[in-house]
Amino acid sequence: MVAKLSKITTVWIALVLVLLCVVFSVINPAAFPTAFNLKTLLVEAAVLLVLSVGMTFVIITAGIDLSVGSVLLFASMCSALAMNSMAGGDSTAAGADVAFVGLLVALVAGAAWGVLNGLLITVAKVPPLIVTLGSFGAALGAAQLAGDGTDVDTVPEGMREWLGFGNTLGIPNMVLVALIVTLLGGWLLTTTRFGRYTFAIGSNPEAARRVGISVTRHLIMVYTLVGLLAGLAGYMSLAQFGATTLSGHTTDNLNAIAGVVLGGTSLFGGVGSIAGTVIGVFIPAVLTRGFIITGVQAYWQPIAVGLVLVAAVWFDQSRRRARNNR
Amino acid sequence: MRRTRVAAVLVALLSAVLVLTACQGGAKGGDHTLSFIPGTKGEPFYISMQCGAQAKAAELGYTLDPQPPDKFDPSLQTPIVSAVTAAKPGAILIAPTSPVAMGAPLKEAKRAGIPIVEVDTALKDRSVAVSSVSSDNPKGGGLGADALAKLVGEKGPVLIIDTTAGTSTTNARARGFAEQLKKYPEMKNLGTQYNENEASKAATIVTATLAAHPDLAGIFATNLSSTEGAATGLRNAGKTGQVKLIGFDASPKQVADMKAGAIQALIAQDPAAIGASGVQQAVNALQGKPVERTLLPDMVTITADDQATLAKYAYKTKC
Amino acid sequence: MSVLLEARELVKHYGAVHALRGASFSVDAGEVVALIGDNGAGKSTLVRHLSGVEQPESGQILLNGEPITLGSPTDARVQGIETVYQDLAIAPELDPAANLFLGREIRRKGLLGALGMLDNGAMREKAKVEFDRLGVSLQSMSTPIGSLSGGQRQSIAVARAVAWASKVVFMDEPTAALGVVQRERVLDVIKRVRDTGIGVVLISHNMPEVLSVADRVEVLRLGRRVAEFRAADATIEDLVGAMTGALGDGEAA
């Protein structure tokens, strides 16, 4: 079964993650292996994790989505504007009803870009790389246009307090949301027909078509799912930072793709797992934190992160080759 | 059949582009036009600068033609400079997005006989512009160090969050801060971290630093994204207010955060004054009057209780 | 035996190319018919029409004597007509059971099934029964079939078509890429399928193979049926002669 194959590769990449944690813990035992560090690590990785769960589905279909970061911004912009207009211009003091509408707007705005991406890829038959590169620019432009070029920085304080910084049973709500998305994503991918078709289309789209699977419909749904999750991520980012942060999220797409690929999902499609993606997202996150905590000089950090990423994938690839040649 | 359809789509796309460019309006020419090319679209800092410049230009009988690039990026600013040069305005006011990369297109403009005034940022090659108006960034950093020292009782470890290595203005603020910090022997500089202009990265820097240094006393953030991210990081860590945060600039978001207690003090530039003196220098150059090569308008420290300074120096999103 | 699936006078052009010029064809229940012809004779085109991938410009397709329209491969599958493609059309990253049930997954009962959850256990069990029935031996039911041998992949592709075919199976060059042992195994599977009462149509270039497995041989040349043989009575020379046109049109339809 597919799950079994990816489980084997997940184990090795998980070892890399564990090893990194051990090394940082040994270097700075007072700072790294702490509840505080774990909590903030999880909270800060939550947005990227939500994006990466969606990205996993797309990459398993042998597609790619470069637009996630911009769609995130677009969704958070629409959401913030909708909440502000509902609250008469400044939603800082608005209640849960306004925040809920904001969530819906973010989800719909994100999903709409996903539908557009999916239609262009399947119906107009433009390669995903080009379609999503186009919407990467277009969604950012649309967000800037909607906000007249400026960040919207009035967000319901209640939403920031609950989603951005609140806890449930000691677990930050940001982390809970990401956890639920991850579990649902894993369930969808491994146990349902939707997941099976995702693998089949990535493995051999022609075979899928010939057995009567509507490849067009399924791909549109997959791109819509990514868009929807980017919308959710946009809402989460809004709750965390209390502003639309238009200058940011430029490398979210590459970070998500890197996380997915690190997690053993093949860029050629047909192979992948959500568990792998979780680990793949946390490796760079742990590295970034670890280097700051252990006091590695700022200029060295990107070099070291880059080196470890390449080394981890090389390690994973050579393990896989060894297994395939057995 | 198929070919006509493709042609129809192309025509539609082309006309859409034409309509869009028509709406935007091309660069304007003429001796009484001053082209204003800020670093990026939509930042309150540049908007306030534009407001100051616009008011001054109107007062002197000139029109200001703002041409902002979509992002703070020399590859986006270069074509704007070329287009503006071709339109031959009276003068160009620009915030170069790179001290070196913007040199070539601006030299081209200078060769075309257009006087250039640098606002906010400046080229490395001092021979291109007739005048540079920018905040004294090292001095502003120093103001930050003094303000932070006062807030933390002159002791404890301090973190600097800068945008990217190579951004001359923010790097100068960080340097000025570090320099001035040496005057306080009991305050320890933990060094400078770069957030790559991503708020999320600044949050990570703050929480990771707190993990290693729970006694962190203060943070100096050199621009908007680093301040926003640092405030979120402190809130994640439950240390808002405990760790003193000093931000640079006074955009509405930062002012609101300061009022809400997430930020304790802001070092504000005076973008409207920068814009106004930039216009004055450009007009002086056009009219053959003496021009000041370098102008360094003052910066101020604002705290939440200082309502008067706040009202005067807070950046605007609209004129 | 009665005629199960029949094509009458099918015509098809691709631009200037006249691919089918009134091609006729028939297969009975429980027989293996080999469809042979030189390259470009129209074999694959004919099969594409009979499996619903393409539609003829004129002519009739009859199933059990009733005229039918095959608008899509799905139409054909609904009628019990399955195809094993030359390129197999399998998903190499999926396991044998997932491939066998691709597009026809068994869902769990109740709410979970309504949510789209698959019953992998049931699918694997049924797949095992199906593979055993056709004598396909697999060491593992959980390895992706991309890592299996060519013969095993071929057997799985055949098994998938057979498992769902209630009437006719088309096989386009099912042994072309196989070694001797694997070829024997696939031919064995074909005979077993025939014995279950399904009509099997085999496209092949391999004349000894055609004569060893087929009950009947139909020969296409230039988009038209030019000869029919009982395999037991025919020689390789007969077949080649009919294919190249060296022989006169035998029992042409």
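Up top is the structure these notes are about.
Residues numbered from 1 in each chain as written. Chains lettered and ligands numbered in written order. Predicted model: local features only at pLDDT ≥ 70, side-chain atom pairs only at ≥ 80, totals over all residues. Heavy atoms only, no water.

Participant: It is not clear to me how the interface of chain B and chain A should be interpreted in this structure. Could you clarify?
Facilitator: The partner chain A presents 36 residues to the 35 residues of chain B that form the contact. Across the interface of chain B and chain A, roughly 2,800 Å² is buried in total on both sides, 56% from carbon and sulfur atoms. Counting every contact that joins chain B to chain A gives two salt bridges. Its salt-bridge partner being Glu157 of chain A, residue Arg235 of chain B comes within 2.8 Å of it at the nearest N-O pair. Counting only elements with at least two residues in the side of chain B that touches chain A, the list comes to helix 2 (44–60), strand 7 (187–194), helix 7 (199–212), helix 8 (224–236) and helix 9 (252–260) of chain B. Of the residues that constitute the side of chain B that touches chain A, the class distribution is 14 nonpolar, 13 polar and eight charged. (Contact = heavy atoms within 4.5 Å. Buried area = accessible area lost by both parts, 1.4 Å probe. Salt bridge = Lys/Arg side-chain N within 4 Å of Asp/Glu carboxyl O. Helix = DSSP H or I, 4+ residues; strand = E, 2+ residues; numbered from the N terminus. Nonpolar A, V, L, I, M, F, W, Y, C, P; charged D, E, K, R; others polar.)

Participant: Is there a simple way to explain unusual backbone geometry in this structure?
Facilitator: Trans peptide bonds make up most of the peptide bonds, and negative phi angles are found at most residues other than glycine. At Glu154 of chain B, a position not held by glycine, the phi torsion is positive, near 60 degrees. Along the chain, Glu154 of chain B turns up in the loop between helix 5 (137–152) and strand 6 (156–162). Accessibility expressed as a relative area gives 43% for Glu154 of chain B, which makes it partly exposed. A positive phi angle, near 55 degrees, is found at Glu9 of chain C, a position not held by glycine. Relative to the helices and strands, Glu9 of chain C is located in strand 1 (residues 3–14). (Buried < 20%, exposed > 50% of the residue type's maximum accessible area, 1.4 Å probe, protein only.)

Participant: Hey, could you run me through the environment of Ala94 of chain A in this one?
Facilitator: All names here are of chain A. Within the secondary structure, Ala94 sits in the loop between helix 3 (68–86) and helix 4 (96–122). For Ala94, a relative accessible area of 17% corresponds to the buried category. C-alpha of Ala94 to C-alpha of Arg210: the two residues are 116 residues apart in sequence and 53 Å apart in space. Sequence-distant contacts of Ala94, defined by excluding residues within four places in its chain, comprise Ala87 and Pro156.

Participant: What am I meant to see in the sheet that holds strand 8 (residues 199–203) of chain C here?
Facilitator: To summarise the sheet geometry, strands pair through backbone hydrogen bonds and adopt either a parallel or an antiparallel arrangement. Residues and elements named next belong to chain C. Sheet architecture is open: six strands sit in the order 6-7-8-3-9-10, paired in mixed fashion. Each edge of the open sheet carries a strand with a single partner, namely strand 6 (81–84) and strand 10 (224–230). Strand after strand, the sheet turns through a mean of 20 degrees between neighbouring axes, direction not considered. The pairing of strand 3 (residues 32–37) with strand 8 spans four bridges and is parallel. Residue pairing in the sheet places Val32 in a bridge with Val200 of strand 8. (Pairing = 2+ DSSP bridges. Axes fitted to C-alpha atoms, helices over the stretch in contact; angles between N-to-C directions.)

Participant: I keep staring at the packing of aromatic side chains and nothing clicks. Help me out?
Facilitator: Working definition: an aromatic ring pair is given by the centre-to-centre distance plus the angle between the planes. Across all of its chains, the model carries ten aromatic pairs over all chains by this definition. Judged by centre distance (5.4 Å) and plane angle (35 degrees), the rings of Tyr299 of chain A and Tyr194 of chain B are tilted. Highlighted residues: Tyr299 of chain A in the loop between helix 12 (274–293) and helix 13 (300–324) and Tyr194 of chain B in strand 7, drawn from two different chains. Given the relative accessible area of 11%, Tyr194 of chain B is considered buried. Consider the rings of Phe101 of chain C and Trp164 of chain C, whose centres lie 5.6 Å apart with planes at 80 degrees: the pair is edge-to-face. Remark: Trp164 of chain C occurs in helix 6 (residues 150–164) and Phe101 of chain C occurs in the loop between helix 3 (96–100) and helix 4 (110–114); sequence separation between them is 63 residues. For Trp164 of chain C, a relative accessible area of 26% corresponds to the partly exposed category. Joined through ring pairs, the aromatic side chains of Phe24, Phe32 and Phe291 of chain A make up one cluster. Residue placement shows Arg210 of chain A over the ring face of Tyr85 of chain C; its charged tip is 3.9 Å from the ring centre. Its end group placed over the ring of Phe248 of chain B, Arg173 of chain B keeps NZ or CZ at 3.9 Å from the ring centre. (Phe/Tyr/Trp six-rings, centres within 6.5 Å; stacked < 30°, edge-to-face > 60°. Lys NZ or Arg CZ within 6 Å of the ring centre and 35° of its normal.)

Participant: Explain the packing of helix 7 of chain B against helix 8 of chain B to me, please; I cannot follow it from the model alone.
Facilitator: Each pair of packed helices gets described by two things: the angle between the helix axes and the distance between those axes. Residue and element names in this part refer to chain B. Viewed as axis vectors pointing N to C, helix 7 and helix 8 meet at an angle of 45 degrees, and their least axial separation amounts to 7 Å. Between helix 7 and helix 8, the angle is such that the two are oblique. By crossing handedness, the relation of helix 7 to helix 8 is classed as right-handed. In this structure, helix 7 uses Ala199, Ala202, Ala203, Val206, Thr207 and Leu210 to contact helix 8, whose residues at the interface are Ser225, Ser226, Glu228, Gly229, Ala230, Gly233, Leu234 and Asn236. Class assignment of the residues belonging to the contact of helix 7 with helix 8 gives a composition of seven nonpolar, six polar and one charged. (Parallel < 35°, antiparallel > 145°, perpendicular 65-115°, else oblique. Left-handed = near helix turned anticlockwise from the far one by under 90°.)

Participant: Please explain the interface of chain C and chain A as it appears in this structure.
Facilitator: Interfaces are frequently sized by the accessible area removed from exposure as the parts join. Contacts between chain C and chain A engage 27 residues on the former and 22 residues on the latter. For the chain C and chain A pair, buried surface summed over both sides reaches about 2,200 Å², with 56% attributable to carbon and sulfur atoms. Put simply, chain C and chain A have eight residue pairs in polar contact (both at pLDDT 80 or more) between them. Secondary-structure elements contributing two or more residues to the side of chain C that touches chain A are helix 2 (73–78) and helix 5 (120–133) of chain C. Class assignment for the residues of the side of chain C that touches chain A results in 13 nonpolar, six polar and eight charged. (Polar contact = N/O pair within 3.5 Å; in protein donor to acceptor, adjacent residues only side chain to side chain.)

Participant: Help me understand the sheet that holds strand 5 (residues 66–68) of chain C in this model?
Facilitator: All names here are of chain C. Taking strand neighbours across the sheet as the criterion, the four strands line up as 2-1-4-5 in an open arrangement whose pairing is antiparallel. In this open sheet, the two strands that pair with only one neighbour each are strand 2 (17–28) and strand 5. Across the sheet, the axes of successive neighbouring strands diverge by a mean angle of 30 degrees, strand direction being ignored. Alignment of strand 4 (residues 58–63) against strand 5, held across three bridges, turns out to be antiparallel. Bridge pairing in strand 5 places Leu62 opposite Pro67. In this fold helix 1 (residues 43–50) packs onto strand 1, strand 2 and strand 4, with an angle of close to 115 degrees to the strand it touches most, strand 1.

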